[in-house]
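The primary structure of each chain is shown beneath.
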Amino acid sequence: MLNIIWLLLIGTSVVFGIINHQIDAVLAAVTSSAKAAFELVLGLAGIMVFWLGLMRIAETCGLVRLIAKMLRPVLVRLFPEVPAEHPAMGEMVMNMSANMLGLLNAATPFGLRAMQALETLNPYPGVATNPMCLFLAINTSSIQLIPVTAIAYLAAGGAIHPTDVIASGLLASICSTVAAIVAIKMLVRLRCFNKVYP
Amino acid sequence: MSTVLFLLFVVGIPLYGTYKKINVFNAFIDGAKQGFETSIAIVPHLVAMLVAIGMLRASGFFDSIQHVLGPFLQKIGMPIDVLPLALMRPFSGSAANGILVDIIHQHGGNAYVSYLAATIMGSTETTFYVIAVYFGVVNIRFTRHAIPAGLIADFVGIVASVIVCSYLFGYLR
């Protein structure tokens, strides 16, 4: 996928560069951008290292478990098809809690185990169940409590108040998560998503 | 407000960790190591994306697009600079990351566009990648309404980011 997009980006720039008589600038951009990319990483690394170190302290303190405790009652209500004590529920709760804190590396193993646990409840292997679709939709729209990378990037760019992005990220991601839940609950009623599979 | 929040993180988290009887320094180093590895790991992706985007910008492509889409984007309050980010986000996290870094590099950390781009990054996800990986482990072939719902959520996330940022960071414009 990315393969085609990347090729397309480069192809388009050459074509537009020729049309706009900017081909020299396009070629100059290759060297300057490659150089800038590495310099950016150098500026970024220190801040990234600091924030991820700080987040690891929060993680060891049991911050993920604290959020999981608050999330559980909400999830039990959102997933009526999954028994409250089923392992899938626990894995989903942990995945979403880690996701909300931006701990992507911690979230993925929980998420994959949640999918495997949900599969044990699946009467038609190979076909996604309603809880699976809802889980993924919430996962891909995850509410962000602390957008660590975004803060780090802004700080590296010289932002005076990089943590301001916490408020805007939180509000916007609440909107997208609500949209995800509503979309799932509406789309599931459409016949095209409920036809009988072989 | 922002200063308080910052202090809360930098002082609050280590203090709370100490209260919980954790060796905060070791925990910090442990996480920091991972941060360093992540930073190094993104170099190839960043170079690939920044070169492609840099070429595209130099070619005048965005100026041409601006003529076509500009009035429409202006109406919904979305600067043209964040358009590539919005388009790339569902497909590739590392590519979107590269674009975000590029936007902040071009406009500076205090620009309205930078805050908007960072907000969009936080409120959307690499939908296609997540769906491929998560359904992949359990061999799901019929994904039903998962992809449309994920894309709707991404779209709403982008629109919400534009609205929220125009309220919160409008003074930066």
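Residues numbered from 1 in each chain as written. Chains lettered and ligands numbered in written order. Predicted model: local features only at pLDDT ≥ 70, side-chain atom pairs only at ≥ 80, totals over all residues. Heavy atoms only, no water.

## Describing the overall build of chain B
Counting its secondary structure elements, chain B contains 9 helices and 0 strands. Scanning chain B from its N terminus toward the C terminus, one meets helices and strands in the order α-α-α-α-α-α-α-α-α. Within chain B, contacts between residues separated by at least 24 positions form 64% of all contacts whose residues are at least 6 apart in sequence. (Helix = DSSP H or I, 4+ residues; strand = E, 2+ residues; numbered from the N terminus. Contact = heavy atoms within 4.5 Å.)

## With respect to the interface of chain B and chain A
Taken residue by residue, the interface counts 90 residues in chain B and 96 residues in chain A. With both sides pooled, the region where chain B packs onto chain A buries about 7,800 Å², and carbon together with sulfur makes up 77% of that total. Counting the surface chain B buries against chain A, the share from its top three residues, Tyr134(B), Arg144(B) and His145(B), is 10%. Where chain B packs against chain A, one counts 1 salt bridge. The partner of Asp30(B) in a salt bridge is Arg56(A), with the nearest N and O atoms 2.7 Å apart. Our count for the chain B to chain A interface comes out at 20 residue pairs in polar contact (both at pLDDT 80 or more). At the level of secondary structure, the elements contributing two or more residues to the side of chain B that touches chain A comprise helix H1 (2–19), helix H2 (24–41), helix H3 (43–58), helix H4 (61–75), helix H6 (93–107), helix H7 (112–123), helix H8 (127–137) and helix H9 (146–168) of chain B. Here the side of chain B that touches chain A gets 14 residues from one element, more than from any other, and that element is H9(B). (Buried area = accessible area lost by both parts, 1.4 Å probe. Salt bridge = Lys/Arg side-chain N within 4 Å of Asp/Glu carboxyl O. Polar contact = N/O pair within 3.5 Å; in protein donor to acceptor, adjacent residues only side chain to side chain.)

## Some thoughts on the packing of helix H4 (residues 87–100) of chain A against helix H6 (residues 130–140) of chain A
All names here are of chain A. Between H4 and H6, whose axes approach to 10 Å, the crossing angle comes to 15°. The angle between H4 and H6 falls in the class roughly parallel. For the element pair H4 and H6, the recorded crossing hand is right-handed. Residues Met 92, Asn 95, Met 96 and Asn 99 of H4 pack against Phe 135, Ile 138 and Asn 139 of H6. Of the residues assigned to the contact of H4 with H6, the class counts are 4 nonpolar, 3 polar and no charged. (Axes fitted to C-alpha atoms, helices over the stretch in contact; angles between N-to-C directions. Parallel < 35°, antiparallel > 145°, perpendicular 65-115°, else oblique. Left-handed = near helix turned anticlockwise from the far one by under 90°. Nonpolar A, V, L, I, M, F, W, Y, C, P; charged D, E, K, R; others polar.)

## Observations concerning the packing of aromatic side chains
Scanning all chains against the criterion turns up 5 aromatic pairs over all chains. Ring geometry for Phe135(A) versus Tyr134(B): centroids 6.2 Å apart, planes at 40°, classification tilted. With Phe135(A) in helix H6 and Tyr134(B) in helix H8, this pair bridges two chains. A relative accessible area of 0% means that Phe135(A) is categorised as buried. In this structure Tyr134(B) comes out as buried when scored by relative accessible area, which is 5%. (Phe/Tyr/Trp six-rings, centres within 6.5 Å; stacked < 30°, edge-to-face > 60°. Buried < 20%, exposed > 50% of the residue type's maximum accessible area, 1.4 Å probe, protein only.)

## Quick notes on the domain arrangement of chain B
What the domain assignment lists for chain B is domain 1 (1–41) and domain 2 (43–172). The straight-line distance from the C-alpha centre of domain 1 of chain B to that of domain 2 of chain B is 28 Å. (Domains from an automatic or database assignment.)

## A closer look at the packing of H2(B) against H3(B)
Residue and element names in this part refer to chain B. Between H2 and H3, the shortest axis-to-axis distance is 5 Å and the interhelical angle comes to 35°. Residues Ser 39, Ile 40 and Ala 41 of H2 pack against Val 43, Pro 44 and His 45 of H3. For the contact of H2 with H3, a count of residues per class yields 4 nonpolar, 2 polar and no charged.

## Quick look at the domain arrangement of chain A
Partitioning chain A into structural domains gives domain 1 (1–44) and domain 2 (62–193). Taking only C-alpha atoms into account, the centre of domain 1 of chain A sits 35 Å from that of domain 2 of chain A.

## Considering the nonpolar core
By size, the foremost hydrophobic cluster in this structure holds 115 residues, and its most contacted members are Phe79(A), Met92(A), Met115(A), Phe135(A) and Phe135(B). Among the elements that make up this core, the one with the highest residue count is helix H2 (residues 23–60) of chain A (12 residues). Aside from chain neighbours lying at most four places away, what touches Phe135(B) is Met115(A), Ala128(A), Met132(A), Leu136(A), Ile140(B), Thr143(B) and Ala146(B). (Core = buried A, V, L, I, M, F, W, Y, C linked by side-chain atoms within 4.5 Å.)

## What to know about H7(B)
The end-to-end C-alpha distance of H7(B), which contains 12 residues, comes to 17 Å, matching closely the 16 Å that a straight helix rising 1.5 Å per residue would cover. The buried fraction of H7(B) amounts to 12 of the 12 residues, a majority that puts the element mostly inside the structure. All of the buried residues in H7(B) are Tyr112(B), Val113(B), Ser114(B), Tyr115(B), Leu116(B), Ala117(B), Ala118(B), Thr119(B), Ile120(B), Met121(B), Gly122(B) and Ser123(B). Looking at the buried side of H7(B), the elements it contacts are helix H7 (148–156) and helix H8 (165–187) of chain A together with helix H5 (83–88), H6 and H9 of chain B. (Expected span 1.5 Å × (residues − 1).)

## Examining the environment of Val64(A)
Residue and element names in this part refer to chain A. Among the secondary structure elements, Val 64 is positioned in helix H3 (residues 63–78). Through-space distance from the C-alpha of Val 64 to that of Ser 97 is 5.6 Å; in sequence the pair is 33 residues apart. Not counting residues up to four positions away in its chain, the partners in contact with Val 64 are Glu 59, Met 94, Ser 97, Ala 98, Leu 101 and Leu 103.

## Considering the pattern of salt bridges
Tallying each qualifying case throughout the model produces 5 salt bridges over all chains. In this structure, Glu91(A) and Arg113(A) form a salt bridge, with 3.1 Å as the shortest nitrogen-oxygen distance. Of the two residues, Glu91(A) sits in helix H4 while Arg113(A) sits in helix H5 (residues 104–119), which places them 22 residues apart along the sequence. What makes Arg113(A) partly exposed here is its relative accessible area of 39%. Each of Arg56(A), Glu59(A) and Asp30(B) takes part in one network of salt bridges that share partners.

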